[in-house]
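Read off the chains here:
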Amino acid sequence: MRGSYSRRAALTALLSSVATLGFAQAPVVSKRPVARPVRVGQVTPEMRQSLAQVVANSGVAGRVGIVIADAATGEVIDQHDADVMQPPASVTKSVTALYALDSLGPDYQWKTRVYANGPILDGILDGDLILSGGGNPNLVTDDLADLARLVAETGLREVRGAFLVYDGALPNLDEIDGTQLDQSGYNPALSGLNLNFNRVYFEWKRQGANYTVSMDARSEKYRPAVTVARMQVVDRAAPLYSYRNGGGFDQWTVAKGGLGNGGSRWLPVRYPALYAGEVFAVLASSHGLDLKAPVEVARLPDASVVAEHSSADLRDILRNMMKYSTNLTAEAAGLAATKARTGQTRGLRTSALGMTHWARRRAAIAPVFTDHSGLGDTSRMTAADMVAFLTASDVQPQLFPIMKQILLKDADDKTITDHPAVVRAKTGTLNFVSCLAGYIRTASGRDLAFAIFAADLQARERGKRTGEEQPADSIAFNTKAKRLQQVLLQRWAALNDSAD
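Note that this is a predicted model, so its numbers are computed, not measured. (Residues numbered from 1 in each chain as written. Predicted model: local features only at pLDDT ≥ 70, side-chain atom pairs only at ≥ 80, totals over all residues. Heavy atoms only, no water.)

1. Brief notes about the pairing of strand S3 (residues 111–116)
One ladder, built from six bridges, connects S3 with strand S16 (residues 304–310); its direction is antiparallel. In the strand pairing of S16, arginine 113 is matched with glutamate 308. Looking at chain direction, S3 and strand S6 (residues 129–132) are connected through four bridges and run antiparallel. Across the sheet, the residue bridging to tyrosine 115 is isoleucine 130, located in S6. (Pairing = 2+ DSSP bridges. Helix = DSSP H or I, 4+ residues; strand = E, 2+ residues; numbered from the N terminus.)

2. Things to note about the packing of helix H4 (residues 141–153) against helix H5 (residues 272–285)
Across the interface, H4 lies against H5 with an axial gap of 9 Å and an inter-helix angle of 50 degrees. Judged by the inter-axis angle, H4 sits oblique to H5. Like other packed secondary-structure pairs, H4 and H5 cross with a definite hand, here right-handed. Of the residues in H5, those touching H4 at Thr141, Leu144, Ala145, Leu147, Ala148 and Val151 are Ala276, Val279, Phe280, Leu283 and Ala284. (Axes fitted to C-alpha atoms, helices over the stretch in contact; angles between N-to-C directions. Parallel < 35°, antiparallel > 145°, perpendicular 65-115°, else oblique. Left-handed = near helix turned anticlockwise from the far one by under 90°. Contact = heavy atoms within 4.5 Å.)

3. Some details on the packing of aromatic side chains
Here the structure, examined in full by the defined rule, presents 12 aromatic pairs. Plain terms: the ring middles of tyrosine 108 and tryptophan 110 are 5.4 Å apart, the flat faces sit at 85 degrees to each other, and that makes the pair edge-to-face. Judged by its relative accessible area of 26%, tyrosine 108 is partly exposed. You can call tryptophan 110 buried: its relative accessible area is 1%. Ring centres of phenylalanine 202 and tryptophan 204 lie 4.8 Å apart, and the angle between their planes is 35 degrees; this geometry places the pair in the tilted category. (Phe/Tyr/Trp six-rings, centres within 6.5 Å; stacked < 30°, edge-to-face > 60°. Buried < 20%, exposed > 50% of the residue type's maximum accessible area, 1.4 Å probe, protein only.)

4. Observations concerning the nonpolar core
Ranked by internal contacts, the top residues of the largest apolar core, which has 52 residues, are Leu318, Met386, Phe389, Leu390, Leu399 and Tyr439. For this core, the secondary-structure elements that each account for two or more residues are strand S1 (63–70), helix H3 (92–104), helix H6 (314–324), helix H7 (327–342), helix H8 (348–363), helix H9 (383–390), strand S19 (433–441) and strand S20 (447–455). Considering each element in turn, this core owes the most residues, seven residues, to H3. Excluding its chain neighbours within four sequence positions, the residues that come into contact with leucine 399 are Ser94, Ala97, Leu98, Phe389, Leu390 and Tyr439. With 47 residues, the next largest nonpolar core counts Phe163, Val228, Ala229 and Met231 among its residues. (Core = buried A, V, L, I, M, F, W, Y, C linked by side-chain atoms within 4.5 Å.)

5. Considering the packing of H3 against H8
Between H3 and H8, the shortest axis-to-axis distance is 11 Å and the interhelical angle comes to 85 degrees. Here H3 lies roughly perpendicular to H8, going by the angle between them. Between H3 and H8, the residues in contact are Thr92, Val95, Thr96, Leu98, Tyr99 and Asp102 and Ser351, Gly354, Met355, Trp358, Ala359 and Arg362, respectively. Of the residues assigned to the contact of H3 with H8, the class counts are six nonpolar, four polar and two charged. (Nonpolar A, V, L, I, M, F, W, Y, C, P; charged D, E, K, R; others polar.)

6. Structural notes on unusual backbone geometry
Among all residues except glycine, the phi angle is most often negative; among peptide bonds, the trans geometry is most common. In this chain, alanine 238 is followed by proline 239 through a cis amide linkage whose omega measures 0 degrees. At alanine 89, a position not held by glycine, the phi torsion is positive, near 50 degrees. Locating alanine 89 in the fold gives a position in the loop between strand S2 (76–80) and H3. Since its relative accessible area comes to 1%, alanine 89 is described here as buried. The phi angle at aspartate 394 is positive, at roughly 60 degrees, despite the residue not being glycine.

Okay, structure coming up:
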C-alpha cells in the first residue's frame with residue numbers, strides 16, 4: 001500500500017468526524033468546581049482525597065470503576081469500585097489489537113486480488129473476471145484504482161464472461177450491532193470485501209424548493225458515483241432517515257425538513273461486495289476495460305491471479321484503529337484472528353467468545369466480549385481486569401507503541417503543553433458510557449497502568465428509547481466523565497514519584 005497511509009489517515013479522520021454523530025461530544029464547561037492542574041510533584045490537598053471523594057466531586061452519574069497500578073509489577077496503587085462489570089466500549093479494541101497481534105503477527109497483510117478463470121489471449125479474457133477480497137478493512141477507493149491500473153497494465157482489454165465478486169474470506173454481517181440506528185455510519189456491514197469502511201458519502205444541496213442528492217465512494221483522489229446505495233428526499237417530519245433493503249441495493253429516504261440548505265454525511269453500506277464491485281468497474285472503465293454489473297458468488301472459482309493489492313502491515317493498521325477507533329477494522333481484525341486460530345470462519349458472537357476465552361487465559365481475567373469493537377453495550381469488563389490485562393506478560397511492549405497519545409488538559413479544556421508525563425491509552429465512548437485505559441509514563445520514566453470505566457446504564461436505556469442519535473443528557477455525562485479522567489491522570493502523574 002505504497003504511500004496510502006496519508007490518504008487513509010485523512011479518510012478515517014473524516015469518517016470519524018462525520019459518521020460518528022452518535023458519539024461526538026461538544027465541549028461543555030462544567031460549573032462544578034474542579035481542581036486546577038498543578039506542577040508535577042506538587043501534591044495538593046485535593047489530590048490526597050480518596051478516589052471515592054474525587055468521583056463524588058465529579059458529578060458523574062452511575063458507577064465508576066477505577067484502578068491505577070505499577071505497570072512493571074502489576075501492584076495496585078489505588079482503586080475504586082474496581083470489580084464492577086461495565087461496558088468497556090471501544091477500550092475493547094485494546095484487547096482486540098493484542099488478540100490480532102498474537103494470532104496473526106505484526107507483519108500480517110490482507111490481500112485483495114483480481115482473478116481470471118479462463119485463458120487470456122491477445123488481451124481478451126475468455127472467461128470471468130473475479131474481484132476477491134481477503135478481508136482488508138482499510139481498503140479505499142484509491143486502492144481499488146491502483147488495482148484497476150495493475151489489471152490494465154497486464155494488457156487485458158476485454159472480458160467476455162461475467163464480472164464476479166467474492167467476499168467469503170470473512171463472514172457476512174448486515175451490521176455490527178443491531179441496536180444502532182439505521183443511519184449510523186459507524187455500524188456498517190462487514191464481509192471479506194470491504195471498501196471505504198463500508199460507508200457511502202451522501203451529499204445534498206438545495207435548489208429552489210427541491211434538493212439535488214448524490215451518493216459516491218469518495219476517497220482522496222476519486223469520487224465515483226454509485227447506484228448500490230440510493231437516496232430519496234421525502235416530505236415528512238420524522239424520522240430523519242429510513243432504510244429498506246432494495247434487493248441488491250440500499251434504498252434510503254431522508255426527511256426534507258431536516259436537510260437545511262445543504263450538507264453531507266457518511267451512511268453505512270449493507271451490500272459491501274457489490275459496492276466494491278461497482279466502484280472497481282467504474283475505475284476499470286477509465287482504462288478502457290468495460291465490465292458487466294458485478295455478481296456475488298458464494299465460492300471462489302479456480303482461477304489465476306491477474307493483479308494483487310496488499311494492505312499495510314497489521315501493526316500499522318491497528319495503530320490507525322486505536323487512533324480513529326474504526327469499528328470495522330476491529331471486527332475484521334478479530335474475525336481474522338479467530339480464523340487463524342481455528343482454521344474456520346466464525347460468526348461475530350462466536351469469534352468474540354473465542355477472544356473472551358483467549359483473554360481469560362492470557363491474563364487470568366474474566367471479561368465477557370460480544371464483539372471485537374465495543375460498539376455493542378452487552379460486553380462487560382471490570383477496571384481491575386483491564387489493568388490486569390495491561391500488566392500481563394509482554395502486553396505493554398506491544399500496545400504502548402500503537403496506543404493514541406492522550407493530551408493532558410486544564411479545567412478550561414486547554415492542552416497543558418509543557419506537561420512531562422506521557423499518556424498512551426484507548427478511549428471508549430457510547431451514550432452514557434465513557435472509558436479510558438492505558439499507560440502513564442511519568443517524568444521519571446516510571447510506567448503506570450490504569451483503567452477508568454464510567455457508565456450510567458439506566459440513563460443509557462432511557463436514551464435508547466428516545467430514538468435520538470445523541471440524547472441531550474449524554475453530552476453532560478460525557479463532559480463530566482472526561483473531566484474526571486483528566487483530574488485522575490494529573491493526580492497520578494503528580495503523586496506517583498513523590499508519594500503513592
